[in-house]
Amino acid sequence: METRERLVRELAAISAAYRAGSVHLSSLASRVEFLIEQMRVHLSAQDFAHTMNCVYRIEEINAVILDEQRQLTQSENQAIENDISLLENLISR
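Quick summary incoming for the structure in this document. (Residues numbered from 1 in each chain as written. Predicted model: local features only at pLDDT ≥ 70, side-chain atom pairs only at ≥ 80, totals over all residues. Heavy atoms only, no water.)

1. Quick look at the overall build of the protein
When helices and strands are tallied, the protein shows four helices and zero strands. Order of helices (α) and strands (β) in the protein, N terminus to C terminus: α-α-α-α. The C-alpha atoms of the protein give 13 Å as radius of gyration, which agrees with the globular expectation for 93 residues (12 Å, within 12%). In terms of its C-alpha atoms, the protein occupies a principal-axis envelope of roughly 40 × 25 × 20 Å. The burial tally for the protein puts 37% of its 93 residues in the buried class. The contacts in the protein between residues at least 6 apart in sequence include a share of 67% that link residues at least 24 apart. Accessible area for the protein stands at about 5600 Å²; split by element, carbon and sulfur atoms hold 50% of it. (Helix = DSSP H or I, 4+ residues; strand = E, 2+ residues; numbered from the N terminus. Rg over C-alpha atoms; globule rule 2.2 N^0.38 Å. Buried < 20%, exposed > 50% of the residue type's maximum accessible area, 1.4 Å probe, protein only. Contact = heavy atoms within 4.5 Å. Areas by Shrake-Rupley, 256 points an atom, 1.4 Å probe, with all protein chains shown as cover.)

Below is the structure:
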């Protein structure tokens, strides 16, 4: 089984890479979902639900921009940043 610390580090690394522009949104969305699923055993039911809501919002934005073949808007980018920060806070408890 994955260790919580390793999963937290992986989430921090993928988040930092996304913020630095070296990881695309679609890669962030899929990797974050995988990591949160692996972390499920380490989270309360409520925290898991909150983290998955963040993942779903990131995935929804990703789906819209892919479907519309466009770049992120400023508000979408801010929403993603807010969800990443919330994810980081929820899993580091």
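Picking up where we left off.
2. So, the pattern of salt bridges
Inspection of the entire model under this criterion finds seven salt bridges. The partner of Arg6 in a salt bridge is Glu10, with the nearest N and O atoms 3.0 Å apart. Highlighted residues: Arg6 and Glu10, both in helix H1 (residues 4-20), separated by four residues, approximately one helical turn. Its relative accessible area of 34% is what places Arg6 among the partly exposed residues. Classification of Glu10 by relative accessible area gives buried; the value is 18%. Residue Glu68 pairs with Arg70 through a salt bridge whose shortest N-O separation is 2.5 Å. Glu68 gets classed as partly exposed once you look at its relative accessible area, which sits at 46%. Through salt bridges that share partners, Arg6, Glu10 and Arg31 make up one connected network. (Salt bridge = Lys/Arg side-chain N within 4 Å of Asp/Glu carboxyl O.)

3. A word on the layout of surface pockets
If you add up the space inside the largest pocket, you get close to 310 Å³. In terms of lining, the largest pocket is formed by 15 residues, of which the most central are Tyr18, His24, Leu25, Gln71 and Leu72. Sorting the residues of the lining of the largest pocket by element identifies H1, helix H2 (25-39), helix H3 (45-68) and helix H4 (74-91) as the ones contributing at least two each. In terms of residue count, the dominant contributor to the lining of the largest pocket is H3 (three residues). Taken together, the residues of the lining of the largest pocket sort by class into six nonpolar, six polar and three charged. (1 Å grid on protein atoms, 1.4 Å probe; cavity = no way out; pocket = protein on both sides within 12 Å on 5 of 7 lines; lining within 4 Å. Points joined across faces, edges and corners; volume = space filled by probe spheres on them. Nonpolar A, V, L, I, M, F, W, Y, C, P; charged D, E, K, R; others polar.)

4. Notes on the nonpolar core
Counting residues in hydrophobic clusters, the biggest one holds 25 residues, and the most contacted among them are Leu25, Leu28, Val32, Ile36 and Leu87. For this core, the elements supplying multiple residues, two or more each, are H1, H2, H3 and H4. (Core = buried A, V, L, I, M, F, W, Y, C linked by side-chain atoms within 4.5 Å.)

By themselves, these observations are geometric and do not establish any function.
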